[in-house]
Amino acid sequence: MPEGHVIHRLAQATMQHFGDQPVRVSSPQGRFAEAAALLDGSRVQGASACGKHLFIDFDADAPEHVVHIHLGLIGKFFFAPLAEPRGAVRLRITDGSTAADLHGPQMCRLIGAVEQQEQIAKLGPDPIRLDADPEVAWQRIHRSNRSIASLLMDQKVTAGVGNIYRAEVLFRHRVRPTTPGNRLKRSTWEAIWADLVVLMRAGVEVGRIDTVELEHTPEQMGREPRVDRHGGEVYVYRRAGLPCWVCGTEVRTQDLEGRNLYWCPTCQRGR
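Because the structure is a prediction, the values reported are computed rather than measured. (Residues numbered from 1 in each chain as written. Predicted model: local features only at pLDDT ≥ 70, side-chain atom pairs only at ≥ 80, totals over all residues. Heavy atoms only, no water.)

Enquirer: I tried to follow the pattern of salt bridges on my own but got confused; where do I start?
Expert: When their charged atoms lie close together, side chains carrying opposite charge are able to pair. Applying the stated rule across the entire model yields 13 salt bridges. A salt bridge links Arg-186 to Glu-135; the nearest nitrogen and oxygen atoms lie 2.4 Å apart. Placement of Arg-186 in helix 7 (residues 186-206) and of Glu-135 in helix 4 (residues 134-141) is noted, with a sequence separation of 51 residues between them. A relative accessible area of 38% places Arg-186 in the partly exposed class. By relative accessible area, which is 28% here, Glu-135 ends up partly exposed. Note that Arg-226 and Asp-228 form a salt bridge whose closest N and O atoms lie 3.5 Å from each other. Since its relative accessible area comes to 22%, Asp-228 is described here as partly exposed. (Salt bridge = Lys/Arg side-chain N within 4 Å of Asp/Glu carboxyl O. Helix = DSSP H or I, 4+ residues; strand = E, 2+ residues; numbered from the N terminus. Buried < 20%, exposed > 50% of the residue type's maximum accessible area, 1.4 Å probe, protein only.)

Structure follows, in C-alpha cells:
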C-alpha cells in the first residue's frame, strides 16, 4: 500500500497538470460513470491529501463535488499522454493532452466538503501536513498498551505512516517495536514525530524513502546501492537476515497484525 508521501505527490501532480482549468471526467469502466458525469467539464480547484486519502475538488455546481480516493493495496493513479484507456479505468481526468487514470482503488466516491472534513477528522495527524498536531497522536499513544509498532500503523493515530516509515523511524530512535505506547517517554515520541516530519516531507520532494544517515550511505560504506521496487536506502525494512548497517547484528522480522515487522534486536533493545 502506498505510504503517505506518495498520495501527497499525487495531489501535487493533479494540480500541476489540471489545476484551475476545465477537464473532461469519465469512467471508462463504468462504475463511476454517474458521478463522473456530474463533474465533466468543470474545473479542478484543489487537490489535497491526508494520510493515505486523496481528495480532488471540482467547481461543479453540485453539493457533492469532491472525489475521495483511497488506493488500498492494488490501486494505481498515474499520469500519461492521452491515449485509449487500458484495462479497467475507474476514473479518468484529462485536459485533452494528459490523462490521469485510476485503476483498482479501494475507494472512489463523490462527497461534499462537509463529508471531506468529517473523513479527515477521523484520521490522526499527518506529519506532511502543516496543520498536523502531534499532541493528538500522543494522547492516543500514551493511554494505550498496544505496541508502538502497532500504534504507528493505526491511521487514527498517525495518518500516512506505513510499514517502511514505521520500521525505519523506530530503528532511528532505537525503540523496541514491542514497547507499549504507555511505556514510551514523551520526549521519545516528540523525537519520533519530528523525524517523521523530516523523512516524510523529504519523500514528497524526491519520490522515494531514504532513511540512512550520511555515514551509512552506499558511497560512505563502499557497498552496493539497495535494489528494491520501493527504492531508497533503509536500515531494516526488507533486510531480514542481513547485517545491521550500524552494529552488524542480523536484522529480524516477524508478523504483526498481518504486516511484516523489521528491527535490529541489538540496536533496538530499549524503550
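Enquirer: I would appreciate a short explanation of the nonpolar core in the present structure.
Expert: One recurring pattern in soluble globular proteins is that nonpolar side chains are buried together. Core analysis: the biggest nonpolar cluster contains 40 residues, and Ile-141, Ile-148, Leu-170, Trp-189 and Val-236 have the highest contact counts within it. Listing elements by their share of this core, those giving two or more residues are helix 4, helix 5 (148-153), helix 6 (163-172), helix 7 and strand 10 (259-263). Of all the elements, helix 7 adds the most residues to this core, at eight residues. Non-local contacts of Trp-189, meaning those with residues more than four positions away in its chain, are made with Pro-134, Ala-137, Trp-138, Ile-141, Leu-152, Thr-158 and Leu-184. Counting 27 residues, the second-largest nonpolar core is a separate cluster that includes Val-25, Ala-36, Ile-56 and Leu-102. (Core = buried A, V, L, I, M, F, W, Y, C linked by side-chain atoms within 4.5 Å. Contact = heavy atoms within 4.5 Å.)

Enquirer: Explain the pairing of strand 2 (residues 44-50) to me, please; I cannot follow it from the model alone.
Expert: Two faces belong to every sheet, and in a regular strand the side chains alternate between them. Burial of strand 2 is extensive: five of the seven residues sit out of reach of the surface. The sheet contact formed by strand 2 and strand 3 (residues 53-58) spans six bridges and is antiparallel. Within strand 3, the residue paired with Cys-50 across the bridge is His-53. Counting the residues between successive antiparallel strands, the hairpin from strand 2 to strand 3 contains two residues, one of them, Gly-51, with a positive phi of roughly 60 degrees. (Pairing = 2+ DSSP bridges.)

Enquirer: Looking at this structure, how should I read the environment of Gly-160?
Expert: Here Gly-160 lies in the loop between helix 5 and helix 6. In this structure Gly-160 comes out as buried when scored by relative accessible area, which is 0%. Taking the C-alpha atoms as reference, Gly-160 lies 14 Å from Arg-208; in sequence the two are 48 residues apart. The residues contacting Gly-160, other than those within four sequence positions of it, are Glu-3, Gly-4, Gly-51, Lys-52, Gln-155 and Met-200.

Taken by themselves, the reported measurements are silent on function.
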